[in-house]
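Read off the chains here:
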Amino acid sequence: MGSTGSIGTSALEVVRSLGPEYRVAGLAANRRWRDLADQSRAFGPSAVAIADPAHVESLRPLVNGSTEVLAGPEGLVELARRQDSDFVIAAIVGAAGLASTIAAVEAGKDVGLANKEALVVAGSILVPLARRTGSRLLPIDSEHSAIFQSMAAGRRSEVHKVYLTASGGPFRTWTGDQIALATLEDALRHPTWDMGPKITIDSATMMNKALEIIEACWLFDLRPESVEVLIHPESIIHSMVEFCDGSVVAQLGTPDMKTPIQYTLTWPDRAAGCARRLDFRTIRRLNFEPPDMERFPALRLGYEVARQGGTAGAVFNAANEQAVQAFRDGRIPFGRIVELTERVLERHRVETRPTLEGLLAADAWARQEVSTCLKD
Ligand code: NAD
Ligand code: MG
């Protein structure tokens, strides 16, 4: 799901490198029908799905005759459910990936989860659902993959805390005033990772790390206080787990998403990887610093939302998605992304035990609220 994106294309590279044991049963994208058609011809899935139905007729003649073409958000849900696949890579960006992720979990499939927004919005639905169906949520997010791998060094009851590392993004050394007026070009210049535009902007506001705090709480059943964000500009240590005896176990690697993507596919085994390797002869030092909550208030919000639970995650995520879009459209300065998100959160009355409908309503409300704020 999201095969034409940054994670999606890396996932296909991994599948190709793993060899014939792995077969692509389905591919899905939003609008990039030409790329989807190319991928379809290269990987020969039994079905492809395009979320934007406007492109279905352009796509159809370009795929093999044996490949079924599904359309619209329902098409993606159907694809995620189909019985000819046993593993789904959730790599759609934003809450738009939630429905197909739920469908895969409902069908009892294991999920390689890149789409962190799905968990931020609906962890309270997805996690218990996965427990019921036996589906496993295997993290693709590099930090969470590192935590998952490091956790294997002890028992869950022996975990003292988790260090969630962060590069600090392009504005790590900028002043608050400089950050407030950063341009789109500045925000898209990530120092260590090459990613899709939304997560790149989230890394610049550090909203990405805020979402990851919440993601970690859901994936590993942690309290927000036991997740400590640590700035590590080199992005070599992908995260660490501290155990009760004081031992800290970390996972390291070059900043390349192919490594965590592959681990979800081969887990609990490992296979030869296709990403560049670390070379410790060229690494002179690894640096660490505490995060600055003043310049990056998104982090403080992330902890607050993780503590609040209920509908707070859905509102937080949706407001941020809308604010990021407004920034990309040139409608607001960079500094307003987090400010708007916080304002919408403040206006929200958290519902503590929401249904899925309640979460989707909170998401829709937050998007509307951002639009209203923009008109003020
Ligand atoms: P991207 O923008 O490069 O790709 C997004 C994909 O989702 C595309 O295939 C697009 O067609 C599809 N898509 C977008 N909107 C859709 C919609 N409404 N319906 C159906 N499909 C839709 O994004 P990305 O960087 O690959 O990120 C994907 C997810 O992975 C995000 O949740 C992101 O936070 C997470 N993630 C990405 C990275 C990375 O290195 N890129 C790292 C960690 C986590
Ligand atoms: Mg990450």
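Before any of the text, the structure's been laid out above.
In this text, all values refer to a predicted model and were calculated from it rather than measured experimentally. (Residues numbered from 1 in each chain as written. Chains lettered and ligands numbered in written order. Predicted model: local features only at pLDDT ≥ 70, side-chain atom pairs only at ≥ 80, totals over all residues. Heavy atoms only, no water.)

It is worth spelling out the site of ligand 1 at this point. Taken together, 24 residues surround ligand 1, and among them Thr4, Ser6, Ile7, Glu117 and Gly196 come closest. Ile7 places a main-chain nitrogen or oxygen 2.9 Å from an oxygen atom of ligand 1. In this structure, Glu117 approaches ligand 1 through a side-chain N or O atom, which is 2.6 Å from an oxygen atom. For ligand 1, whose accessible area on its own is 830 Å², the fraction buried by protein is 89%. Broken down by secondary-structure element, the contributors of at least two residues to the shell around ligand 1 are helix H1 (6-18), helix H6 (116-133) and helix H10 (197-205). A breakdown of the residues in the shell around ligand 1 according to their chemical character gives 13 nonpolar, eight polar and three charged. (Near = heavy atom within 4 Å. Polar contact = N/O pair within 3.5 Å; in protein donor to acceptor, adjacent residues only side chain to side chain. Areas by Shrake-Rupley, 256 points an atom, 1.4 Å probe, with all protein chains shown as cover. Helix = DSSP H or I, 4+ residues; strand = E, 2+ residues; numbered from the N terminus. Nonpolar A, V, L, I, M, F, W, Y, C, P; charged D, E, K, R; others polar.)

Protein ligation of the magnesium ion (ligand 2) involves Asp141 (OD), Glu143 (OE) and Glu212 (OE), the donor distances falling in the range 2.0 to 2.2 Å. Counting gaps between the donor residues of the magnesium ion (ligand 2) yields the pattern D-x1-E-x68-E. With Asp141 in the loop between strand S6 (137-139) and helix H7 (142-151) and Glu212 in helix H11 (residues 207-220), this pair connects stretches of sequence that are 71 residues apart. In this structure, Asp141 and Glu212 share a single accessibility class: buried. (Donors = N, O, S within 2.8 Å, 3.2 Å for Na, K, Ca; no water. Buried < 20%, exposed > 50% of the residue type's maximum accessible area, 1.4 Å probe, protein only.)

Turning our attention to helix H5 (residues 98-106). Taken across its nine residues, H5 has seven buried, putting it largely inside the fold. Residues of H5 that are buried include every one of Leu98, Ser100, Thr101, Ile102, Ala103, Ala104 and Val105, and no others. Buried residues along H5 sit against helix H4 (72-81), strand S4 (87-90), strand S5 (110-113), H6, S6 and helix H16 (356-375). (Contact = heavy atoms within 4.5 Å.)

If you walk across this open sheet you meet the three strands as S1-S2-S3, and the pairing is parallel. On the outer flanks of this sheet lie strand S1 (26-29) and strand S3 (68-71), each paired with one strand and no other. On average, adjacent strands in this sheet sit at an angle of 15° to one another, irrespective of strand direction. In terms of strand pairing, strand S2 (residues 47-50) meets S3 through four bridges, oriented parallel. From the neighbouring strand, Val48 faces S3, where its bridge partner is Val69. Sheet contacts for H4: S1, S2 and S3; angle to S3, the most-contacted strand, approximately 130°. (Pairing = 2+ DSSP bridges. Axes fitted to C-alpha atoms, helices over the stretch in contact; angles between N-to-C directions.)

A cis amide bond links Trp267 to the next residue, Pro268, at an omega of 5°. Position of Pro268 among the secondary structure elements: in the loop between helix H12 (258-266) and helix H13 (298-308). The residue Asp221 is not glycine, and still its phi comes out positive at about 55°. Inspection of the secondary structure puts Asp221 in the loop between H11 and strand S8 (227-231). Assessed through its relative accessible area of 67%, Asp221 is described here as exposed. One non-glycine residue, Ser235, adopts positive backbone phi at about 50°. Topologically, Ser235 is positioned in the loop between S8 and strand S9 (237-243).

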